[in-house]
Amino acid sequence: QVQLVESGGGLVQAGGSLRLSCAGSGRSFSPYAMAWFRQAPGKEREFVAAIIWWSGATTYIVNSVKGRFTISRDNAKNTVYLQMNSLKPEDTAVYYCAAQNRFGGDYDSWGQGTQVTVSS
């Protein structure tokens, strides 16, 4: 199991940008994959994007944010990022990072969540 700490959320106007960060810790930190999820009030949790830790390859990005959001990681800092550009009010949600610790396993390590609010 790893511990995840998120930062970078806040209030931004439509069309603006934010970069979310999620720093991992733990002995020999080396998850198989990292991902971002989001959940808006009254809606189901949504899978946003995922990245393979060792290779940096993006394995998933939801169509509604494709071309606007980018997932990346910095192995030296044990950190995964979500760069969010051209933000829309419908992007408003609590954003969570998660780690898949073992290949084929669940996303079983989660951050505390960070609020992103986009005003019109």
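Structure: see above.
Throughout what follows, the structure given in this document is the object of discussion.

## Points about the packing of aromatic side chains
Under the defined criterion, the tally for this structure stands at eight aromatic pairs. Taking the centre distance of 5.3 Å and the plane angle of 90 degrees together, the rings of Phe29 and Trp53 count as edge-to-face. Taken together, the residues Phe29 in the loop between strand E3 (18-25) and strand E4 (33-39) and Trp53 in the loop between strand E5 (46-52) and strand E6 (58-61) connect sequence positions 24 residues apart. On the basis of relative accessibility, which here comes to 4%, the residue Trp53 falls in the buried class. Ring plane angle 75 degrees and centroid distance 6.5 Å describe the contact between Tyr96 and Trp110, whose orientation is recorded as edge-to-face. Linking Tyr96 in strand E9 (residues 93-100) with Trp110 in strand E10 (residues 107-110), this pair joins segments that are 14 residues apart in sequence.

## Here's the deal with the pairing of strand E7 (residues 69-74)
Bridging between E7 and strand E8 (residues 79-84) involves six bridges; their strand directions are antiparallel. Among the inter-strand pairings, Phe69 is bridged to a residue of E8, identified as Met84. If you look at the hairpin formed by E7 and E8, you'll find four residues sitting between the two strands, and Asn78 has a positive phi there, around 50 degrees.

The rules we used
- Residues numbered from 1 in each chain as written.
- Predicted model: local features only at pLDDT ≥ 70, side-chain atom pairs only at ≥ 80, totals over all residues.
- Heavy atoms only, no water.
- Phe/Tyr/Trp six-rings, centres within 6.5 Å; stacked < 30°, edge-to-face > 60°.
- Helix = DSSP H or I, 4+ residues; strand = E, 2+ residues; numbered from the N terminus.
- Buried < 20%, exposed > 50% of the residue type's maximum accessible area, 1.4 Å probe, protein only.
- Pairing = 2+ DSSP bridges.

By themselves these figures say nothing about function.
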